[in-house]
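Results of the structural survey
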Amino acid sequence: TSIFNQEVHIEVNQLPQLSLNTEDICIGESSFTLNSGYPEGGVYFIDNINTNFFDVENFTTGPHTVRYEYTDTITSCSNTIEDIITISESPDADFSFGPQTTDLENSSIYFKNRSSDIESSIWNLGDGTIINDSLSFWYTYNDTGTFIITYTVINEYNCTDTITDNIIINPTYS
């Protein structure tokens, strides 16, 4: 019998340290290219499809798995990291107000939310007045003119929608 003594050199390299920063989004937001994987130079997969284009307009609502795979060109060591991007429903802002058209003598206007499934709201009444989280209220304008009403609603997913309309307060003629 023969005994062989052979020296073998084994080098153990550390796996690449990866990071992937993603945020949940809302329906209506623009599609985008994934580029937050670090170190740069890896490959993206969305729902197991090799792509870095997050196509919001053509994805369904709900969670989507983003995977980033990276191979270190020097050590040939590779690693993978995953994150979830959830596409959430956006609210539909809607409101009504009246009376319209009116004049300065009758300038009390009733505003009413017509949106559903909202958590909070912001009214900008066009004259510098901001009202938060009121679903209906009366407001009296103290000047004539055309005022741009902006109503923003926020739902449970922190998704927003905004709608605008004009209100006209005419002078009083005697």
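Within any chain, residue numbers begin from 1 and follow the written order of that chain's sequence. The model is predicted, so local features are restricted to residues of pLDDT at least 70 and side-chain atom pairs to those at 80 or more, both for listing and for counting; the totals for chains, interfaces and linings are taken over all residues. Hydrogens and water molecules were not included; the side-chain quantities draw on all heavy atoms of the structure.

Observations concerning the sheet that holds strand β14 (residues 145–154)
Strands qualify as paired when DSSP identifies two bridges or more between them. The helix and strand labels rest on DSSP assignments: H or I over at least four residues marks a helix, E over at least two residues marks a strand, and numbering proceeds from the N terminus. Strand order in the open sheet formed by 5 strands is β9-β15-β14-β11-β12, with mixed pairing between adjacent strands. Two strands in the sheet have a free side with no partner beyond their single neighbour: β9 (102–103) and β12 (130–132). With 3 bridges joining them, strand β11 (residues 120–124) and β12 adopt antiparallel strand pairing. Within the sheet, the bridge partner assigned to Trp123 lies in β12 and is Ile131.

Brief notes about a nonpolar patch on the surface
Candidate patch residues must exceed 30% relative accessible area and have no salt bridge, after which like charges are joined if within 9 Å and Val, Leu, Ile, Met, Phe, Trp or Tyr side chains if within 5 Å. Only the protein chains shown count as cover for residues, and all accessible areas are computed by the Shrake-Rupley method using a 1.4 Å probe. One speaks of a salt bridge when a side-chain nitrogen belonging to Lys or Arg is within 4 Å of a carboxyl oxygen belonging to Asp or Glu. A grouping of Val8, Ile10 and Val12 is seen on the molecular surface, where their side chains present a nonpolar patch of about 370 Å² in accessible area. As for its placement among the helices and strands, Val8 is situated in the segment before β1 (25–26).

So, the packing of aromatic side chains
In this analysis, rings of Phe, Tyr and Trp, with Trp reduced to its six-membered ring, are considered paired at centre separations within 6.5 Å, and the interplanar angle assigns stacked below 30 degrees, edge-to-face beyond 60, and tilted for intermediate values. Applying the stated criterion to the full structure yields 14 aromatic pairs. With 4.8 Å between their ring centres and 45 degrees between their planes, Tyr44 and Tyr68 make a pair best called tilted. Of this pair, Tyr44 sits in strand β3 (residues 43–46) while Tyr68 sits in strand β6 (residues 62–71); the two residues are 24 residues apart in sequence, bridging distant segments of the chain. Per residue, the accessibility class of Tyr44 equals that of Tyr68, and both read buried. Ring geometry for Trp123 and Phe137: centres 5.2 Å apart, planes at 85 degrees, overall edge-to-face. Here Trp123 is found in strand β11, whereas its partner Phe137 is found in strand β13 (residues 136–140), with 14 residues between them in sequence. Residues Trp123 and Phe137 agree in their burial class; the two are buried. Of the aromatic side chains, those joined through ring pairs into one cluster are Phe95, Phe97, Phe111, Trp123, Phe137 and Tyr151. Note on criteria: charge over ring means Lys NZ or Arg CZ within 6 Å of the ring centre, with the direction from the centre no more than 35 degrees off the ring normal. Taking NZ or CZ as reference, Arg67 lies 4.2 Å from the ring centre of Phe45, over its face. Between buried and exposed lies partly exposed: a residue is buried under 20% and exposed over 50% of the maximum accessible area for its type, with that area taken using a 1.4 Å probe on protein chains only.

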